[in-house]
Structures are given as C-alpha cells and as structure tokens.
Amino acid sequence: MADPVNEVYLADRRFDRVLIANRGEIAERIQRACRELGLKTVAICSEADRQASYGKTADSFLCIGPSNAAGSYLNQDAILLAAHLIGAGAIHPGYGFLSENAAFSEAVEKAGIAFIGPEAPSIATMGDKIAAKRAMILAGVPCVPGPDTALPDDTASVERIAREIGYPVIIKAAGGGGGRGMRVVHEAEQLHQAIALTREEARQAFGSAALYVEKFLQHPRHIEIQVLCDIHDNAVWLGHRDCSMQRRHQKVVEEAPAPGISADMIGPVGLACVEACRQIGYRGVGTFEFLYENGAFYFIEMNTRLQVEHPVTEMTSGIDIVRAQIMVAQGLPLEMRQDEVECAGHSFECRINAEDPESFLPSAGMISDLALPEGQGIRVDTHIHAGYRVSPYYDSLIAKLIVHAPTRADAMAKMREALSATRIEGISTNLPLLRALFEDEGFARGETDIHYLEQWLRQRRGQ
Ligand code: ADP
C-alpha cells in the first residue's frame, strides 16, 4: 500500500531544475548527471570563470559575483537569489565551497529549494569532530583512542589524559578541516605549547577554540568508505578506497579497492558506517575516513558531501554516485540493496594540478594545447580545453585521470599509458611527478602509508 506521508514528502522534494553552486571539473560532472536524469541545469560563475565550458552547455548561466570566492562561490545570498531568479528547485553544492556548510543547507531548504546533500543537523554534527566521534562510538564505529570530549582547561587533567593515551598524541581542533588545526606532540614537555598554538589557530581559522586529543598513529594508511543513504531508512556502502598518497594532507592519487584489505576485515566496518548513518538519519552521499594501522581501523572524520575521488568507486561498483545522490535528494528510494552492490576490478585516480612539479607553486595561465587519453577503462573528468585560462583564484585541480582494469597491476599499467598520452601545454602541471610515481616499485607493491609520498619526494630531491 502506498505510504501517504512519504508520498507527500516525495511530491514536495521533486524538482526539475538544478543550480550547480560550484565550478571546474565538478560543475561539469554534476551537469552531466543532471542531463542524464532529464533535469535542466543552471550554471553559475564568478567573473574569472565567465568563459567556462559548462556555462555554454547549461540551460541557464549566470555570473553571480567577483573572482574572489567570498563574493561568488561562497556568497549564499547571491546563490539563493540566482536560484530564485531562474526557478531552480534544487542546489547541488559539489565539494569544497558551501558543500559542508550547515547554515547553507538550512537556508536552501528554508527557501523551499532542495539541498542536494544532508540536512543541516547531520552536517553540523559531523563538522564538529568531537560530536562526530561521539556519534561514531555510539554506533559501534572504531575510533582513534582518546576521549570523545573537548580538552579541559586545567593543566593537570590535560597532562593526565595525554599520559593515559600514551605519547605521541595529536591535538586537533574540533572544527578543523583541510589538514589544518592539528599538532603532534611527542613528549609531555611540548604539550602545553602545542595546545596554546593549536587553540589560537583554531580560534582564528575555525571560529571555535574547542580542541581534543587522540593517539597519534605513526604509520597509518588512509582508507575510506563511501556510503549512500535515502530518506526511507535505506543505506548502503559501496566498498573502500585508499587515499594514502598525500602531500601536506592533500590527496594526490586514490585507488579502489584499498590493496591488501580483505572483505572479512572491512565488512564489519562498512556495516557499522551504514548503521551510523541510520542512527543519525543521514541523507545523501558521505564518506567515512579511517586511519588503518596494524590490522585495525580508526575513524577520523566523516565528509558529508561528494568527494573528489568518488570516480574510483564509480568505476569499481558500476554505480553512478552523482546520479544516485540527486535521486535520493528528490526523495526517491535507493535503486540498490546492499547485497546487490558488487565491486569488481581495480581503479586509480590521479589528480592533475596546475602547479610546478618541483616547487608546487600554482601555475596560472593559458593552456595552449592539450591531448587527453582515451580508450577502454579510461575516464577524464575535466573542464579544461585548448585556450582555457587557468585562474589563480581557485584550487589548482584541473583534471582527474581515472582508469579501471581487472587487477591492480593492470590498472597501474593502464595509468602509466594514460599518463604518457596526456599532454597539457602552456602551464606547468604535476604530470611528470605522477608519471614517475607510477614507476615506483614500493607503490606498485602497495607498501604505502600516509607519509610515503612525502618521503618519496624528499628522496627524489636527494635529501
Ligand atoms: P581534516 O579535516 O583537516 O582533513 P582529518 O582529521 O581528516 O583532518 O586528518 C587529516 C590527516 O591528518 C589524516 O589524513 C592523517 O594524515 C592526519 N591525522 C589525523 N589524525 C591523525 C592521528 N590520530 N594519527 C595520525 N595522523 C592523523
């Protein structure tokens, strides 16, 4: 029998026009999913992005503010005004910018527009790393040893907590993000200064001085679990990814599945993530990030949005995550059950950045010419083309190169070939680095942890 309450809710949430509140490759990617679903699209841009390719293919295209993101991609009023002007029934925030802003999710829904992402309380809980840790412990998700409460002010208690955890520990800002607001402490003598510095940094950068402390794991891998939830209490996890290849906490290469992790090891963790989603009434896509060391998983945070690396999971699971994300935002039930999710083969993603491969300084300017790889199991997510001007205002990610093959070794070989067929001229990119990395034997053996890439870079520089 039809459920009258759900039917009303469904009718309420249905929409036929989506405003994409983002730029670059992800704006292009979301637009593609909308078109496949027969939805009209509204692209927005800043002054710097007026020539964007996705502006030309969208049904509507509006410049909403200056090049500076604060006046455009982060300008909630301007985005809502654009949505009203064009009659958008939904807003997709992409990643970065306003995607994990609880106030924005709330403002969008209050304006009668569907936010393609979780409800504000879920974003707020997960955005506060202490609250997130508490929610995860309740749901039975394994966490890094350390209290699920903020650090007290008195010195003696702090010293006791750190001693109980055992050095080294890491001091983290509850509101931290982007790899900032963290400090490792190796011995008791460093504790108080580290707390004072991190507190000040947290106050200035995140507007909250709340800190917490946990065990610092010395050689972990970064492994994450992708989830997908509808508003009818259905939730699935779509396998796992390894994103250990990082520089300054920024991911450079991602892969699915994480090498050497058996279904028996990860299965209970995946189910606990799904259970956590049910407990907090989570809606949409999300990622649980874990550190993995000596056979154990430790939750560190949940990202309540689509992630840059979602394609590797799409390649292995065969599920279009953005399409599913839009459908659940419309109030539709998930199209798959957990026992229908089957991951096959191996996928890598390389983030191609406009930056100097030695100094890592951003490289802006015009792309004079380019060649992108093609072929079976090769995917390029990008917004660039010959004549495209890379702007200095935003993130340096200009393309994602993704491959899929039956085994990890095959996928590495395919990536080597795809990288050698990629040519981007006129600006500097990290392509030479990525090519060298895919020749590295340690990486080929899957012997990496979150420090591997930085050690490898130091070795290359002969340090
Ligand atoms: P952010 O929200 O800034 O990305 P995370 O909590 O996800 O912060 O941590 C970012 C990175 O910092 C992790 O990928 C890992 O490299 C390192 N890190 C965080 N917590 C720990 C820990 N307890 N032990 C060791 N490394 C950690």
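Since this is a predicted model, take the numbers as computed values, not measurements.

Asker: If you had to explain the sheet that holds strand 1 (residues 17-20) to someone new, which residues and values would you point to?
Answerer: Pairing is parallel in the open sheet, where five strands are placed in the order 3-2-1-4-5. Of all the strands in the sheet, just strand 3 (60-65) and strand 5 (114-115) have a single pairing partner and so form its edges.

Asker: Talk me through the site of the ligand; I want residue IDs and the actual numbers.
Answerer: If you check the shell around the ligand, you find 22 residues, and the closest are Lys172, Gly179, Lys215, Leu217 and Glu301. Within the backbone of Lys215, a nitrogen or oxygen atom sits 2.9 Å from a nitrogen atom of the ligand. In this structure, a nitrogen atom belonging to the ligand sits 2.9 Å away from a main-chain N or O atom of Leu217. Summarising the interface, the protein chains cover 94% of the accessible area of the ligand, which totals 560 Å² for the free molecule. Elements that contribute at least two residues to the shell around the ligand include exactly strand 6 (169-173), strand 8 (211-215), strand 12 (284-293) and strand 13 (296-303).

Asker: Kindly report on the domain arrangement of the protein, identifying the contributing residues and their values.
Answerer: Each domain of the protein was delimited in the assignment, giving domain 1 (4-116), domain 2 (145-215) and domain 3 (221-460). The straight-line distance from the C-alpha centre of domain 1 to that of domain 3 is 23 Å. Facing 39 residues of domain 1, the contacting portion of domain 3 comprises 34 residues. Roughly 2900 Å² of surface becomes buried between domain 1 and domain 3 when both sides are summed, with 57% attributable to carbon and sulfur atoms. Across the contact surface, domain 1 and domain 3 share six salt bridges. Measuring nitrogen to oxygen at the nearest pair gives 2.8 Å for the salt bridge that ties Glu314 to Arg29. Taken together, the connections running from domain 1 to domain 3 amount to 14 residue pairs in polar contact (both at pLDDT 80 or more). Only helix 1 (4-13), helix 2 (24-36), helix 3 (53-57) and strand 5 provide two or more residues apiece to the side of domain 1 that touches domain 3. The greatest single-element share of the side of domain 1 that touches domain 3, amounting to 10 residues, is contributed by helix 2.

Asker: Please provide a residue-by-residue account of the packing of helix 5 (residues 102-110) against helix 6 (residues 120-127), values included.
Answerer: Between helix 5 and helix 6, the least distance of the axes is 8 Å, while the angle of their chain directions is 180°. With respect to each other, helix 5 and helix 6 are oriented roughly antiparallel. Counting all contacts with helix 5, which are made through Ala102, Ser105 and Glu106, the residues of helix 6 involved are Ala120, Ile123 and Ala124. For the contact of helix 5 with helix 6, the residue count by class is four nonpolar, one polar and one charged.

Asker: Please give an account of the side chain of Asn353 that cites residues and values.
Answerer: Note that Asn353 resides in strand 14 (residues 346-353). A relative accessible area of 11% means that Asn353 is categorised as buried. With residues up to four places along the chain from it excluded, the contact list for Asn353 reads Ser396, Leu397, Ile398, Ser428, Thr429 and Asn430.

Asker: Describe the environment of Leu62, with residues and values.
Answerer: Mapped onto the secondary structure, Leu62 falls in strand 3. For the pair Leu62 and Ile86, spaced 24 residues apart in the sequence, the C-alpha separation amounts to 9.3 Å. Those residues in contact with Leu62 that lie beyond four places of it in its chain are Ala43, Ile44, Cys45, Ala82, Leu85 and Ile86.

Asker: Residues and numbers for the pattern of salt bridges, please.
Answerer: Evaluation of the coordinates by the stated rule reveals 31 salt bridges. A salt bridge links Arg29 to Asp320; its shortest N-O distance comes to 2.8 Å. A residue pair is termed long-range when its members are at least 10 positions apart, and Arg29 in helix 2 and Asp320 in the loop between helix 11 (310-317) and helix 12 (321-329) qualify at 291 residues. Using a relative accessible area of 3% as the deciding quantity, one classes Arg29 as buried. Across the pair Glu447 and Arg445 runs a salt bridge, and its minimum N-O distance is 2.9 Å.

Asker: Account for the packing of helix 6 against helix 7 (residues 129-138), with residues named and values stated.
Answerer: In contact at an axis separation of 5 Å, helix 6 and helix 7 are set at 100° when each is read in the N-to-C sense. The orientation of helix 6 with respect to helix 7, classified from their angle, is roughly perpendicular. Judged by residue contacts, Thr125, Met126 and Gly127 of helix 6 engage Lys129, Ala131, Ala132, Ala135 and Met136 from helix 7. Of the residues that constitute the contact of helix 6 with helix 7, the class distribution is five nonpolar, two polar and one charged.

Cut-offs applied
- Residues numbered from 1 in each chain as written.
- Predicted model: local features only at pLDDT ≥ 70, side-chain atom pairs only at ≥ 80, totals over all residues.
- Heavy atoms only, no water.
- Pairing = 2+ DSSP bridges.
- Helix = DSSP H or I, 4+ residues; strand = E, 2+ residues; numbered from the N terminus.
- Near = heavy atom within 4 Å.
- Polar contact = N/O pair within 3.5 Å; in protein donor to acceptor, adjacent residues only side chain to side chain.
- Areas by Shrake-Rupley, 256 points an atom, 1.4 Å probe, with all protein chains shown as cover.
- Domains from an automatic or database assignment.
- Contact = heavy atoms within 4.5 Å.
- Buried area = accessible area lost by both parts, 1.4 Å probe.
- Salt bridge = Lys/Arg side-chain N within 4 Å of Asp/Glu carboxyl O.
- Axes fitted to C-alpha atoms, helices over the stretch in contact; angles between N-to-C directions.
- Parallel < 35°, antiparallel > 145°, perpendicular 65-115°, else oblique.
- Nonpolar A, V, L, I, M, F, W, Y, C, P; charged D, E, K, R; others polar.
- Buried < 20%, exposed > 50% of the residue type's maximum accessible area, 1.4 Å probe, protein only.

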